[in-house]
Structure formats: C-alpha cells, structure tokens
Amino acid sequence: MGATSENRRIWVMTIRRFVELAWAGHGLTRYASVAVVPLLVGLMVPGLWWVPCAIGGVVGLTADHFAQRAFTRLSARLESLDDKALRGVFAGHTFVLALITAAYVTPYAVLAFAPQPAPLIGLMFSAGALMICTSLHVMTPRMIFFTSPPVILALVANGYALGGEQALLGAALAALLGGNALVMARANAGSFRDLMAAQFRIEQAAEELELRVEERTAQLAVATRRAQAANRAKSVFLANMSHELRTPLNAVIGYAEIVQEDLESGETERSAADLARIRNAANHLLAMITEVLDFSRIEAGKMELSPEDFDLAALLNAAADDVRLTAEKQNTRISVKLAPAVTTIHADQTRVRQCVLNLMSNAAKFTHDGEISVEARPCRIDGAPGVAIHVRDTGKGIAPDDLKRLFQPFVQVDNTKTRNHDGAGLGLVITRRLARAMGGNVVAESEPGKGSTFTLYLRSTPMTAQQAA
C-alpha cells in the first residue's frame, strides 16, 4: 500500500473516530450543560442576561444537530473520496465546528459585563467548553486554533471581570489557561494521530493475516487434492503393477513346471521353446523391476552418474538395432539420421542409452504399419552446446489432456488392467528425470491421428559444479 493510500485510510479512520467521540461520547454532556447553564444564569443573575445564553444555546444545538447529520453522511461516503477530497471536506467541517463553538460560548463572554456572579458562571462555562475542545478537536494539530479563539476570548473577558483591582492578573491567568489548553490539545492531536496510525497498522496486519490464511487454506486445499490424486494414482499403479508382475512370473512358473514334466517323461522336444519363453518372461520381469528400482533411486536422490566421452552415433544406431525387431513385428520401419556436427558428447553413456531405448521402445510399441525416425542435431542448452535427439513416430498420437499427464509419476494414459500394452509405466518419468540430472530435458509433442515427437535434450560438454547442483 502506497503512502497516499495509507494517509487516506488514516483520514477515514480519524473522521469516523471523531464522529463517535463528538456525539456518542460527549454529545449528551454538551447538550445538558448548554440547557442547564442558562437556567442558572436566569436564577442567579438579575436582568435578562440569560436570554443571549439561551439564544446561543438554541443556535448552537441546532447547528450541532445538522453538523452531526452531515458528519454521519460523510462517514457513509468516505470510501469514495480521495485524499485531497477528504482534506477539503474536513476543512469545511472544521469551519462549521468553529461556528458552533462560537455560538455556544460567545454569549458567555457577554456575561463579563453583567453583575456578579455572572462573570464566575461565564468563566466556569468557558473553562468547561475549553476542556471539551481540548479533548475533541484533536483530529489535526491545527484544528484547535480554529475552534478555540471564542472560548479563550470568553475566558479572558470573564477573568478580567472577576479580577476587580487585579483585573489584568485575572485576564492574564485566563489567557495562560487558554495557552496551556492549546499546548495540551496539540499534544493530544499528535497522540491521536499516532493512535490512528497504530490502529491502521493493526487493521492492515489483520487484513494481511487474513489474506495469508486464505492463501494458505487455498494452497492446503490444492495440496490436499494433489495428495489425494497422487494417492489414487499410486493405488491404481500398484494394482496394475501386481497384475504386470504376476503375468511374467506365472509364465516362468508355468513353463518351468512344463519343462520339469517333460524331463521326467523324457519328451524334451518342446523344452527349448519353453525355456526361451521362460527367459523372455524373466527378462520382461527384470525390466519392470529395474524400472521401479531406478525410479526409487531417483526419488531418494541415490542415482549416481558416470559421465564420459562417447560416440553418440554408435549409441543411437545400436539402440535402433535393439528396437528394430519389435518395430518390424508391427510392420514399422525405423531410421536414424545424424547431423554432421553431432559426434562425441560427454554424459553417462549407460543412462543416455536407457533414455534413448525408452523413447524408441515406446514409439515402436505404439506404432503400427508406420515409420519411426530418429534424428540428432546440435542445439544450445542454457547457452551451452548440446544435442537434440528427436524420436518421431506415425502412431495414433496422444490426446492433449493425456499429454499433460504423460510425465507424472504413477500416472499412465491407459491405467486399466485390460490395456493393450504392458509395462510399469515409469519409463518416461525416469527418462525425463535422468535427462534433467544430466543437464538436459525431455519434451513431448503430439497430435491425435498424426503421431508423436519426443525430444531428448542432452549437453555435449561437461557441466560446471554450479550447473550440476
């Protein structure tokens, strides 16, 4: 909040506090004294001296009433006024308060010319009026200078009348009382302003605290929803994993029993094929367990990298040869193309091979009667030289909503037990985290019906200690 807004807010609080004090706090006392004192003057002072006091009281009370209503209306529309407008309105109301004070007190200055005890009554009434001004007219340090002159005039006049032979001394003492009241009023104005500023800061702190509580509550709600979603995803993942692990394990056990029965019966013609099935199922089981263990090591921060210089072209061609058999079963061609500038890079060769195989295997798994192209070209990663490896396929593609969830742990695009493709569903998550650990990244682009492109970004030079951190 700027200084102008803060000052405006303090002005609003000051005016509202004045309305509370002037009428709710002191109004009845002021009205009672204005009504009773003219009666005392009429009873104790010969003549019609009570008449100007009564007229002044009626005029003052009437103006007081309208001023109260004006201040109440002002309080209702304070929020719509800017700082300059507030100052202008307040100046006008200060002038009105000065006129009301003059209407109350001026008739009692006239009592200085009346017989005793009129000057004493005038002095006491004026002293009471000065006390009210000192305690109420403190919205600004200058406010008391506009409202107190009639009061001090009445004090001095009645002090002079009471002094007799020491008239000047009485007037001087009355003036001294008025001066002390002015000093006290200015001190009260400073304290009042500090009080309003402190109250403003308290309200501001309360508003900030409330906003922070609301913000934290919203964050907690989001975190709770995310935790619940993650918990549901983990539950589905574990259910699918139990199914995925049991399938190859049952194959291993089943075919092992068949081989055992064949050995016992002496009919071993089909044992070689059964042993091959056992080996394939065991390799599949091992691959899924390795994925889970790799992900656990990454999550625990235990994944260690061994960067070295190696030939990227040889790695990509070897990975393509490993995937080519799977692709050919799907009637899909696979090709590798490297830019001339792509030769040797510095990274963990084993982990780069794992990332590339994951992307190529996924492309082969989801592409039928199509083509997979692997292209490598130079790029820049945070200003450092790097390599971008694009794995493009002509498969069925991925829907936009599924693309957003593609790299989330324990989240699979098809998480049903009847899905067409097996696996733990952690390959892409592991690939991205391994790439980021090596200073790169993995991004995906896809359009349903037109295929997908996964791009693996890798640094081609060693990272500094700061970049690695």
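Up top you'll find the structure we're talking about.
Here we summarise the structure given alongside this text. Quantities reported herein were computed from a predicted structural model and do not represent experimental measurements.

Our focus in this paragraph is the packing of aromatic side chains. Within the structure shown, the criterion is met by one aromatic pair. Arranged with centres 3.8 Å apart and planes meeting at 20°, the rings of Tyr108 and Phe125 form a pair that is stacked. Of this pair, Tyr108 sits in helix 4 (residues 83–110) while Phe125 sits in helix 5 (residues 118–136), and the two are 17 residues apart along the sequence. Take Tyr108 and Phe125: they sit in the same class, and that class is buried.

A cluster of nonpolar residues, Val36, Leu40, Leu43 and Met44, forms a patch on the protein surface that exposes about 400 Å² of accessible area. Here Val36 lies in helix 2 (residues 27–44).

Turning next to the packing of helix 3 (residues 50–76) against helix 4. The geometry of helix 3 relative to helix 4 is characterised by a closest axis approach of 7 Å and an angle of 160° between their N-to-C directions. By the angle between their axes, helix 3 is roughly antiparallel relative to helix 4. Considering the relative orientation of helix 3 and helix 4, their crossing is left-handed. Along the lines of polarity and charge, the residues of the contact of helix 3 with helix 4 split into 17 nonpolar, four polar and one charged.

Right, let's get into the sheet that holds strand 4 (residues 371–381). Strand order across the open sheet formed by five strands is 2-4-5-7-6, with mixed pairing between neighbours. The sheet terminates laterally at strand 2 (333–338) and strand 6 (441–447), the two strands that pair on one side only. The sheet shows a mean angle of 20° between the axes of neighbouring strands, direction not considered. Inspection of the sheet shows strand 2 paired to strand 4 by six bridges, in the parallel sense. Within strand 4, the residue paired with Ile334 across the bridge is Ile372.

Bringing the packing of helix 11 (residues 349–365) against helix 13 (residues 427–437) into the picture now. Relative to each other, helix 11 and helix 13 sit at 145°, their axes nearing to 9 Å. Along this stretch, helix 11 crosses helix 13, giving a crossing that reads as left-handed. Residue-level inspection shows Arg351, Gln354, Cys355, Asn358, Leu359 and Asn362 of helix 11 in contact with helix 13, the latter providing Gly427, Leu428, Ile430, Thr431, Leu434 and Ala435. Split by residue class, the contact of helix 11 with helix 13 holds six nonpolar, five polar and one charged.

Calculation notes
Residues numbered from 1 in each chain as written. Predicted model: local features only at pLDDT ≥ 70, side-chain atom pairs only at ≥ 80, totals over all residues. Heavy atoms only, no water. Phe/Tyr/Trp six-rings, centres within 6.5 Å; stacked < 30°, edge-to-face > 60°. Helix = DSSP H or I, 4+ residues; strand = E, 2+ residues; numbered from the N terminus. Buried < 20%, exposed > 50% of the residue type's maximum accessible area, 1.4 Å probe, protein only. Patch = residues over 30% accessible without salt bridge, like charges linked within 9 Å, V, L, I, M, F, W, Y side chains within 5 Å. Areas by Shrake-Rupley, 256 points an atom, 1.4 Å probe, with all protein chains shown as cover. Salt bridge = Lys/Arg side-chain N within 4 Å of Asp/Glu carboxyl O. Axes fitted to C-alpha atoms, helices over the stretch in contact; angles between N-to-C directions. Parallel < 35°, antiparallel > 145°, perpendicular 65-115°, else oblique. Left-handed = near helix turned anticlockwise from the far one by under 90°. Nonpolar A, V, L, I, M, F, W, Y, C, P; charged D, E, K, R; others polar. Pairing = 2+ DSSP bridges. Contact = heavy atoms within 4.5 Å.

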